[in-house]
Amino acid sequence: MSDLCLSLMTKRNVVPGSDPLAQIWSLEHWISTLNRVCHINRISESATRQHFILHFDAGRPDPDRVEVERVRSDDRICVTHIIPPPNVLALSAEWWIEHTHPNVIFAKRCLLIEENVYSPNVARKMFVLLSENVDRLTGQTLCRPK
């Protein structure tokens, strides 16, 4: 069976002078703003590296469990799922800011799945999850109703 890589990217304008990467980095912020996050077990943590197990509600009888490693630099957070969610072979993500666009945060997620698992609904669901995470974690939305 062939594998398929699904790359998703989005961006949000953020409040001038805010530190969106600090919000993304804060595990407490994830717990308090993302309803799907049930629990986080910290394995190790420093100013530039986090290793943890994240339990989240994916609409199944029991919460899903992923093992995550995140590495932070001044303008980027790189995420690797050591143990990805069910039906995902590999998952990585990046959050970053660019000095030429100081009031924008960018987010990218790459999923490797088996080709037979893919459908337009799977792609749509993954993009919606990425967008919702960015919206809630930054307090900003891409499309606001008029």
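Scoring rules and cut-offs
- Residues numbered from 1 in each chain as written.
- Predicted model: local features only at pLDDT ≥ 70, side-chain atom pairs only at ≥ 80, totals over all residues.
- Heavy atoms only, no water.
- Phe/Tyr/Trp six-rings, centres within 6.5 Å; stacked < 30°, edge-to-face > 60°.
- Helix = DSSP H or I, 4+ residues; strand = E, 2+ residues; numbered from the N terminus.
- Buried < 20%, exposed > 50% of the residue type's maximum accessible area, 1.4 Å probe, protein only.
- Core = buried A, V, L, I, M, F, W, Y, C linked by side-chain atoms within 4.5 Å.
- Contact = heavy atoms within 4.5 Å.
- Salt bridge = Lys/Arg side-chain N within 4 Å of Asp/Glu carboxyl O.
- pLDDT = per-residue confidence, 0-100.
- Pairing = 2+ DSSP bridges.
- Axes fitted to C-alpha atoms, helices over the stretch in contact; angles between N-to-C directions.

(A) Spatial organisation of the packing of aromatic side chains. By the definition in use, this model includes 2 aromatic pairs. On the basis of an interplanar angle of 85 degrees and a centroid distance of 6.3 Å, the ring pair of tryptophan 30 and tryptophan 95 is categorised as edge-to-face. You can see tryptophan 30 sitting in helix H2 (residues 27-33) and its partner tryptophan 95 sitting in strand E6 (residues 90-98), a full 65 residues away along the chain. Across this residue pair, the class does not change: tryptophan 30 and tryptophan 95 are buried.

(B) Layout of the nonpolar core. The biggest cluster of nonpolar side chains holds 33 residues, and the ones touching the most others in it are Trp30, Ile40, Leu54, Ile77, Trp95, Ile105 and Leu111. Here this core takes 6 residues from helix H3 (residues 120-138), the largest share from any one element. Setting aside residues up to four positions removed in sequence, leucine 54 forms contacts with Val37, His39, Ile40, Asp64, Arg65 and Val66.

(C) Representation of the pattern of salt bridges within the structure. The tally for this structure, following the rule as stated, stands at 8 salt bridges. A salt bridge links arginine 72 to aspartate 19; the nearest nitrogen and oxygen atoms lie 3.9 Å apart. Note that arginine 72 is positioned in strand E4 (residues 64-72) and aspartate 19 in the loop between strand E1 (3-13) and helix H1 (20-25), a separation of 53 residues in sequence. You can call aspartate 19 partly exposed: its relative accessible area is 42%. Put simply, arginine 60 and aspartate 64 hold a salt bridge, and the shortest N to O gap is 2.6 Å. By relative accessible area, aspartate 64 is classed as buried at 6%. One network of salt bridges, with partners in common, ties together Glu28, Arg42 and Glu45.

(D) The arrangement of the confidence of the model for the protein chain in detail. The share of residues in the protein chain with pLDDT of 70 or more is 95%, and the mean pLDDT across the chain is 90. When mean pLDDT is taken per element in the protein chain, strand E5 (residues 76-83) scores highest with 97 and H3 scores lowest with 86.

(E) Molecular detail of the sheet that holds strand E7 (residues 101-114). What the 7 strands build is an open sheet, ordered E1-E7-E6-E5-E4-E3-E2; its pairing is antiparallel. The open sheet has two edge strands with one neighbour each: E1 and strand E2 (37-45). When the angles between neighbouring strand axes are averaged without regard to direction, this sheet yields 20 degrees. By the bridge criterion, 8 bridges tie strand E3 (residues 49-56) to E4 in an arrangement that is antiparallel. The residue bridging glutamine 50 from the neighbouring strand is arginine 70, located in E4. Docked against the sheet, H3 engages E1, E6 and E7, running at close to 30 degrees with respect to E1.

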